[in-house]
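Here's the letter readout for the chains.
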Amino acid sequence: MDILYLMILCSVSLAAIFLVVFIVNARKGQFEDDESPAVRILFDSDEIKEKEEEKVGNKEIDPQEKGDNKKIEEKSE
């Protein structure tokens with residue numbers, strides 16, 4: 001019977017910890033933007049590449065400077 005009390009105490013304390021973490025994150029605004037990640041997948045990747053080029057400016061980037069992520073994207077296209 002003692003183990004039952006221990007298990008109830010552990011489960012209630014774990015639930016309280018999760019509740020506190022949820023409330024803290026909700027107040028920080030973690031859950032406010034729930035629509036844009038679902039819509040972001042619908043955008044074409046060419047638009048994203050154009051935005052990245054605008055951020056960098058008109059500076060030409062060597063293929064060696066692109067990095068591994070760009071090389072993987074070029075291979076997959």
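In short, a report on the structure.

Rules of the game
- Residues numbered from 1 in each chain as written.
- Predicted model: local features only at pLDDT ≥ 70, side-chain atom pairs only at ≥ 80, totals over all residues.
- Heavy atoms only, no water.
- Helix = DSSP H or I, 4+ residues; strand = E, 2+ residues; numbered from the N terminus.
- Buried < 20%, exposed > 50% of the residue type's maximum accessible area, 1.4 Å probe, protein only.
- Areas by Shrake-Rupley, 256 points an atom, 1.4 Å probe, with all protein chains shown as cover.
- Expected span 1.5 Å × (residues − 1).
- Patch = residues over 30% accessible without salt bridge, like charges linked within 9 Å, V, L, I, M, F, W, Y side chains within 5 Å.
- Salt bridge = Lys/Arg side-chain N within 4 Å of Asp/Glu carboxyl O.
- Lys, Arg positive; Asp, Glu negative; His and termini not counted.
- Charge placed at Lys NZ, Arg CZ, Asp CG, Glu CD.

1. Here's the deal with the overall build of the protein chain
Stage number 1. Assigned secondary structure in the protein chain consists of four helices and zero strands.
Stage number 2. Going from N to C terminus, the protein chain has its helices and strands arranged as α-α-α-α.
Stage number 3. Of all 77 residues assigned to the protein chain, the portion counted as buried reaches 0%.
Stage number 4. In the form shown here, the protein chain has an accessible surface area of approximately 7,700 Å², with 58% of it arising from carbon and sulfur atoms.

2. Description of helix H1 (residues 2–28)
Counting along an α-helix, one turn takes 3.6 residues, and residues three or four places apart therefore face a common direction.
Stage number 1. With 27 residues, H1 should cover 39 Å at 1.5 Å per step; its first-to-last C-alpha distance of 40 Å lies within 8% of that length.
Stage number 2. Gly29, located one to two residues past H1, shows a positive phi value of around 95 degrees.

3. A word on a nonpolar patch on the surface
Stage number 1. Residues Met1, Ile3, Leu4, Tyr5, Leu6, Met7, Ile8, Leu9 and Val12 make up a contiguous nonpolar surface patch of about 970 Å² in total accessible area.
Stage number 2. Note on placement: Met7 falls in helix H1.

4. Some words on a negative patch on the surface
Stage number 1. Together, Glu32, Asp33, Asp34 and Glu35 make up a negatively charged patch on the protein surface.
Stage number 2. Inspection of the secondary structure assignment puts Glu32 in the loop between H1 and helix H2 (36–40).
Stage number 3. Exposure remark for Glu32: the relative accessible area of 64% places this residue in the exposed category.

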